[in-house]
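So the chains spell out like this:
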Amino acid sequence: FSCRDRVLPLDGVNILITAGPTREPVDPVRYFSNHSSGKMGYAIAEEASLLGAKVTLISGPTNLQPPQTVQTIFVESAQQMYDEVMTHYPATNVVIKSAAVADYRPKKVSATKMKKHVDTLNIEMERTTDILKELGQNKTHQLLVGFAAETNSVEEYALKKLKAKNLDLIVANNVTTEGAGFGTDTNIVTIYDRNEGKVELPLMSKREVARKLLDRITHLLKGVNL
Ligand code: CTP
Ligand code: CA
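Each chain carries its own residue numbering, running from 1 in the written order of its sequence. Chains carry letters and ligands carry numbers; both start at the beginning, A for chains and 1 for ligands, and go up in the order they are written. In keeping with the predicted nature of the model, local features appear solely for residues at pLDDT of at least 70, side-chain atom pairs appear and are counted solely at 80 or more, and the whole-chain, interface and lining totals rest on all residues. Heavy atoms throughout the structure, all of them, feed into the side-chain values; hydrogens and water do not.

(A) Examining the sheet that holds strand β10 (residues 169-174) more closely. By definition, two strands form a pair when at least two bridges between them are found by DSSP. We count a stretch as a helix when DSSP gives it H or I for four or more residues in a row; a strand needs E for two or more, and each element gets its number in order from the N terminus. Here we have 8 strands laid out as an open sheet, ordered β5-β4-β1-β6-β9-β10-β12-β13, and mixed in their pairing. Since the sheet does not close on itself, it has two edges, and those belong to β5 (71-74) and β13 (198-200), each with one partner. Ignoring which end each strand starts from, the neighbouring axes of this sheet average 15° apart. Of the pairings in the sheet, the one linking β10 to strand β12 (residues 189-193) comprises 5 bridges and is antiparallel in character. Paired with L169 across the bridge in β12 is D193. Contacts from helix α4 (residues 154-164) reach β9 (143-150), β10, β12 and β13 within the one sheet, and its direction differs from that of β10 by about 155°. Between the N-to-C directions of two axes lies an angle of 0 to 180 degrees, each axis being a line fitted to C-alpha atoms and, for a helix, fitted only over the stretch in contact. Contact definition: two residues touch when any of their heavy atoms are within 4.5 Å.

(B) Up close: a nonpolar patch on the surface. By definition, no residue in a patch forms a salt bridge, and every one has over 30% relative accessible area; like charges are joined within 9 Å, nonpolar side chains (Val, Leu, Ile, Met, Phe, Trp, Tyr) within 5 Å. Per-residue accessibility takes into account occlusion by the displayed protein chains alone, with areas from the Shrake-Rupley method and a 1.4 Å probe. Every case where a carboxyl oxygen of Asp or Glu lies within 4 Å of a side-chain nitrogen of Lys or Arg is listed as a salt bridge. A cluster of nonpolar side chains, namely F32, Y104, V118, L121, I123 and M125, defines an oily patch on the protein surface of about 520 Å² accessible area. In this fold, L121 is placed in the loop between β7 (104-106) and β8 (125-127). Remark: exposure states derive from per-residue accessible area (1.4 Å probe, protein chains only) relative to the maximum for the residue type, with buried under 20%, exposed over 50%, and partly exposed in between. Overall, the relative accessible area of 54% leaves L121 in the exposed class.

(C) Structural view of the site of ligand 1. One heavy atom suffices: a residue is near a molecule or strand as soon as one of its heavy atoms comes within 4 Å of it. Every one of the 16 residues lining ligand 1 counts as a neighbour, but K97, A99, F147, K161 and K165 are closest to it. Here a polar contact is recorded for every N or O atom pair within 3.5 Å, except that within protein the pair must consist of a potential hydrogen donor and a potential acceptor, and residues adjacent in sequence are included only if both atoms are side-chain atoms. Taking F147, its main chain carries an N or O atom lying 3.0 Å from an oxygen atom of ligand 1. Note that an oxygen atom of ligand 1 is positioned 2.6 Å from one of the side-chain N or O atoms of K165. Look at ligand 1: alone it shows 570 Å² of surface, and the protein chains cover 76% of it. Considering each element in turn, the shell around ligand 1 owes the most residues, 4 residues, to β9. Looking at side-chain class alone, the shell around ligand 1 contains 8 nonpolar, 3 polar and 5 charged residues. In this classification, the charged set is Asp, Glu, Lys and Arg, the nonpolar set is Ala, Val, Leu, Ile, Met, Phe, Trp, Tyr, Cys and Pro, and all remaining amino acids, among them Gly, are polar.

(D) Summary view of the UniProt feature "binding site: CTP" (unreviewed entry) in the chain. UniProt positions are given in the numbering used here, feature names are shortened, and annotations may be inferred rather than shown by experiment. Residues annotated by UniProt as "binding site: CTP" (unreviewed entry) correspond here to D103, K113, F147, K161 and K165. The named residues occupy 63 residues along the chain; their greatest pairwise C-alpha distance, 37.6 Å, places them well apart from one another. Residue position: D103 is located in the loop between β6 (94-97) and β7. Taking the relative accessible area as the measure of exposure, D103 reaches 52% and is therefore exposed. Apart from the residues within four sequence positions on either side, D103 is in contact with E126, R127 and T128. A residue is classified by how much of its surface remains accessible, and K161, at 27% relative accessible area, is partly exposed. When sequence neighbours within four positions are dropped, the list of residues in contact with K161 reads A148, E150, L167 and I170.

(E) Examining the confidence of the model for the chain more closely. In the predicted model, the chain carries a mean pLDDT of 95, and 96% of its residues have values of at least 70. Interface predicted TM-score (ipTM) for the complex: 0.99; the corresponding pTM is 0.95. The quantity known as pLDDT measures the predictor's confidence residue by residue, on a range of 0 to 100.

(F) Looking closely at helix α2 (residues 78-88). Of the residues making up α2, those classed as buried are A78, M81, Y82 and V85. Looking straight down α2, one finds its buried side chains confined to an arc of 100°; they lie on one side. Check the buried side of α2 and you find it contacts β1 (14-19), β2 (24-27), β4 (54-59), β6 and α3 (131-137). The arc in question is formed by the directions pointing from the helix axis toward the C-beta atoms.

(G) View of the pattern of salt bridges. Applying the stated criterion to the full structure yields 16 salt bridges. A salt bridge links E124 to K107; its shortest N-O distance comes to 3.8 Å. One end of the pair, E124, is in the loop between β7 and β8; the other, K107, is in the loop between β7 and β8, with 17 residues separating them in the sequence. Among the ionic pairs, E150 bridges to K161, the shortest N-O distance being 2.4 Å. Taken as a pair, E150 in strand β9 and K161 in helix α4 lie far apart in primary sequence, 11 residues in all. Of the residues examined, E150 reaches a relative accessible area of 9% and is grouped as buried. Within the structure, one salt-bridge network assembled from shared partners comprises E46, E47, R207, R211 and D215.

Quick look at the structure:
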């Protein structure tokens, strides 16, 4: 019996994880973004890899070091993230979309630095593609896991997203709660499934949240809905 022969729970499973914010440029020196640190997604990538999964991490700009055992692809805009996700989707078993994707981007990107001429600046924004919704519409065999970062009516919004995007699980949190959400090393989440089952987790490290989520996914993959 050697270490190499050990069967790990996610051996042979291809997991695609997105993490971090996106950046939507308005000119060569400026962009619109959000407060996502990427910590939740990187923690999931690391844990999944430890559990034996083959992990592809598609990451927006973060200050984090990606785990060495993980194939990491860096992107900036929502469109770039969309393109990479779609390329990898067919060969993927599980998608975990923890990235905070911009919902809007500037309609026009100036080729040169914008100068300050006017007192009030209006920038017209257009919708980005909803990557996860697109995945849900094109689901063949994949298990889809979304995130919902909310400030209010968490359960209502999370369940709406679960259905609208054809997800298997959604991990919801209230980003205004102390110890949860952007930038912290801890999180307080509730995991909802398609049968309106919910598991409320207490305050724990993002690492532990990752582990709980991956345990749940492992059982779902076995067809056992715990
Ligand atoms: N998501 C995505 N592509 C987008 C926007 C969101 O794939 N353009 C994914 C996120 O990665 C997350 C889930 O959809 O897993 C929910 O994101 P969230 O911002 O909470 O919800 P939205 O559907 O964008 O709705 P809203 O921001 O209005 O609450
Ligand atoms: Ca959004």
